[in-house]
Amino acid sequence: MRSKPRGIALIINNEFFNRSTESTKREQEQEKLDVRSGSNEDVKALEKLFGALDFKVKTERNKGRVEMCKILEDAAFDDHSNYDCFVLWLMSHGQDGQFYGADGETISIETVRDFFSSKNCSTLKGKPKIIFIQACRGNQKGKGVVADAPQSPTEQGQEPTTYDSEDHSDRGFNFNLSKVIAEHADILIANSTISGYASFRNPRHGSRFVRCVVEVFQEFAGHEDLLSMLTMVNQRISEMGEYGTKQVSEPSSTLTKKLFFWPGL
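Here is what the cut-offs are and how they apply
- Residues numbered from 1 in each chain as written.
- Predicted model: local features only at pLDDT ≥ 70, side-chain atom pairs only at ≥ 80, totals over all residues.
- Heavy atoms only, no water.
- Phe/Tyr/Trp six-rings, centres within 6.5 Å; stacked < 30°, edge-to-face > 60°.
- Helix = DSSP H or I, 4+ residues; strand = E, 2+ residues; numbered from the N terminus.
- Buried < 20%, exposed > 50% of the residue type's maximum accessible area, 1.4 Å probe, protein only.
- Contact = heavy atoms within 4.5 Å.
- Pairing = 2+ DSSP bridges.
- Axes fitted to C-alpha atoms, helices over the stretch in contact; angles between N-to-C directions.

*Asks:* Provide a residue-level description of the packing of aromatic side chains, including the pertinent values.
*Replies:* Here the structure, examined in full by the defined rule, presents nine aromatic pairs. Relative to Phe209, the ring of Trp89 has its centre 5.7 Å away and its plane inclined at 50°; by these criteria the two rings are tilted. Note that Trp89 is positioned in strand β3 (residues 85-91) and Phe209 in helix α5 (residues 208-220), a separation of 120 residues in sequence. Ring geometry for Phe132 against Phe217: centres 6.3 Å apart, planes inclined by 70°, an arrangement best described as edge-to-face.

As structure tokens, this is what we get:
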């Protein structure tokens, strides 16, 4: 990326929650949306990090479902022509595939993703859209195991076996047509934890995921690409906590190019 600023970094942090009057007493008992103590530390760290990475940082706090959808829609309709990238941080309580607004109403991750598809956000077409999600995806807690795995054949210096085959759907296709890209290409979604599991947050120091992202990006953003750094984040976060409180983050990518925040540094 070479534009100045690189792009917009939008941070939405829901720390306090007021349940909708439409939710039943049973639903409120099943889904206790406590104050997310420590999340303000995450916000401050992310504002500092992405400001240093030359992003235009915008922060929104304690927004309900309708308000968040309006904020995301406005961000998608912004003119990103002079930018190279878009970054979104969503921090809240969550379930697998969705996260909570401050009013206790949920938004699906697919809905968020679709706001920034090439179809719905034309000025970001062909540009990376990076979505970080700091939220639980379930109630299970990672237990951890003793690390004792043999090296893979590639790590031992052996050449990996490759299997190349021609996709039947590509045969006879005219590749000289005008370039058309997939609607959901160039989107990366980095979840703080895997499906079904909890995401840990310290009331004083903030969440493990945000701390690891900030540490790794500060150290390696000058010469490592984004996916490589997120692999480092996976490693660091997996080593935190004791037995019964383990966690590992999970990036999912349709990026079509390597992404460097500060190329050439």
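The rest of the description comes next.
*Asks:* Run through the environment of Ile12, naming residues and quoting values.
*Replies:* Summarising the element assignment, Ile12 is placed in strand β1 (residues 7-13). By relative accessible area, Ile12 is classed as buried at 1%. Not counting residues up to four positions away in its chain, the partners in contact with Ile12 are Glu60, Met68, Ile71, Leu72, Leu88, Trp89, Leu90 and Met91.

*Asks:* Outline the sheet that holds strand β8 (residues 187-191), listing residues and values.
*Replies:* On the basis of which strands lie adjacent, the open sheet formed by six strands has the order β2-β1-β3-β7-β8-β11 and mixed pairing. Of all the strands in the sheet, just β2 (56-61) and β11 (250-253) have a single pairing partner and so form its edges. This sheet shows a mean twist of 10° between the axes of neighbouring strands, independent of strand direction. When β1 meets β3, the two strands line up parallel, connected through seven bridges. Along β3, the bridge assignment pairs Ala9 with Val87. Against the sheet, helix α3 (residues 65-77) touches β1, β2 and β3, its axis set at about 175° to β1.

*Asks:* Any chance you could break down the side chain of Ser207 for me, citing the residues and the numbers?
*Replies:* By the secondary structure assignment, Ser207 is in strand β10 (residues 206-207). Ser207 sits in the buried class, given a relative accessible area of 0%. Excluding anything up to four places from it in sequence, Ser207 contacts Asp42, Gln134, Phe200, Arg201 and Asn202.

*Asks:* Describe the pairing of β3, naming the residues involved and giving the relevant values.
*Replies:* For a regular strand, the rule is simple: side chains alternate between the two faces of the sheet. Of all seven residues that make up β3, seven are buried, and the element is covered over most of its length. Residues Cys85, Val87, Trp89 and Met91 line one face of β3 and the alternating positions Phe86, Leu88 and Leu90 line the opposite face, and both faces are buried. The pairing of β3 with strand β7 (residues 129-134) spans six bridges and is parallel. Looking across to β7, one finds that Trp89 is bridged to Phe132.

*Asks:* Quick one: what's the story with the sheet that holds strand β4 (residues 94-95), residue by residue and with numbers?
*Replies:* Read from one edge to the other, the open sheet built from three strands follows the order β4-β5-β6, with strand pairing classed as antiparallel. The open sheet has two edge strands, β4 and β6 (106-108), and neither has a second partner. Sheet analysis places β4 next to strand β5 (residues 98-100), joined by two bridges and oriented antiparallel. In the strand pairing of β5, Gln95 is matched with Gln98. Of the strands in this sheet, β5 and β6 are in contact with α3, which crosses β6 at around 35°.

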